[in-house]
Amino acid sequence: MECARFAHQVAEKRRLIKQYKMERERQQKLEEEEEIKRLRKELIPKAQLMPYFDRPFVPRRSKKQPTVPREPKFCIPRHKTIKCCRMSCNDMSGPSRLQHLPSSVEKKI
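Since the structure is predicted, the reported quantities are computational estimates derived from the model, not experimental observations. (Residues numbered from 1 in each chain as written. Predicted model: local features only at pLDDT ≥ 70, side-chain atom pairs only at ≥ 80, totals over all residues. Heavy atoms only, no water.)

1. Description of the overall build of the protein
Let me state the cut-off plainly: The numbering of helices and of strands both runs from the N terminus, where a helix is a DSSP run of H or I of at least 4 residues and a strand a run of E of at least 2. Per-residue accessibility takes into account occlusion by the displayed protein chains alone, with areas from the Shrake-Rupley method and a 1.4 Å probe.
Tallying secondary structure elements over the protein gives 3 helices and 0 strands in all. In the protein, the succession of α and β elements from N to C terminus is α-α-α. For the protein, the accessible surface area stands at approximately 12,600 Å², while carbon and sulfur atoms represent 60% of it.

2. A closer look at the pattern of salt bridges
As a reminder of what qualifies: By definition, a salt bridge exists where a carboxyl oxygen of Asp or Glu is found within 4 Å of a side-chain nitrogen of Lys or Arg. Each residue is placed in one exposure class: buried if its accessible area under a 1.4 Å probe, protein chains only, is under 20% of its type's maximum, exposed if it is over 50%, and partly exposed if it falls in between.
Under the counting rule described, the total for this entry stands at 5 salt bridges. One salt bridge connects Glu-2 with Arg-5, and the closest N-O pair in it is separated by 3.2 Å. Residue Glu-2 and its partner Arg-5 are both found in helix H1 (residues 2-42); the two are separated by 3 residues, about one turn of the helix. You can call Glu-2 exposed: its relative accessible area is 58%. For Glu-42, the salt bridge identified is with Arg-38, shortest N-O distance 2.8 Å. You can see Glu-42 and its partner Arg-38 sitting in helix H1, 4 residues apart, about one turn around the helix. Each member of the salt-bridge network shares a partner with another, and the members are Glu-35, Arg-38 and Glu-42.

3. Remarks on the confidence of the model for the protein
Under the convention used in this document: Scored from 0 to 100, pLDDT reflects the predictor's confidence in each residue. Every residue pair with non-hydrogen atoms within 4.5 Å of one another is taken to be in contact.
This prediction gives the protein a mean pLDDT of 79; 75% of its residues lie at or above 70. Of all the helices and strands in the protein, helix H3 (residues 103-108) carries the lowest mean pLDDT, 52, while H1 carries the highest, 94. Across residues 94-98 the pLDDT falls below 50, and counting only partners more than four positions away or on other chains, this stretch makes 7 contacts in the model.

4. Points about a negative patch on the surface
Note the cut-off: Only residues whose relative accessible area exceeds 30% and that form no salt bridge enter a patch; like-charged residues are grouped when within 9 Å of one another, and nonpolar side chains (Val, Leu, Ile, Met, Phe, Trp, Tyr) when within 5 Å. Just so you know, the count uses Lys and Arg for positive and Asp and Glu for negative, and it drops His and the chain ends. Lysine's charge is taken at NZ, arginine's at CZ, aspartate's at CG and glutamate's at CD.
On the surface, a cluster of negative charge is contributed by Glu-31, Glu-32, Glu-33 and Glu-34. Within the secondary structure, Glu-33 sits in helix H1. You can call Glu-33 partly exposed: its relative accessible area is 39%.

Written out as structure tokens, the structure reads:
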């Protein structure tokens with residue numbers, strides 16, 4: 001009997017809390033709508049000034065020197081190439097790379 005009464009009280013409390021939240025949300029929504037209506041009434045569109053066309057615009061010549069065009073550099077500097085690419089390129093174009101390496105490096109490869 002006590003358990004049923006407690007469950008009923010908890011359910012009643014939850015229902016009241018839910019009803020209170022819904023009422024608060026409804027009031028907040030009404031206030032926002034009234035605020036929007038009030039702002040729209042206060043908002044008065046203002047005319048933009050027309051630009052003056054009676055004085056024509058004459059561009060002035062720049063005092064800076066013009067840029068000098070340069071040819072693009074298509075070759076990649078040796079220090080920026082990837083090691084494996086350098087090795088493969090060197091292997092194809094000339095004598096074996098292992099011939100020029102010291103013996104301690106040859107063992108690691």
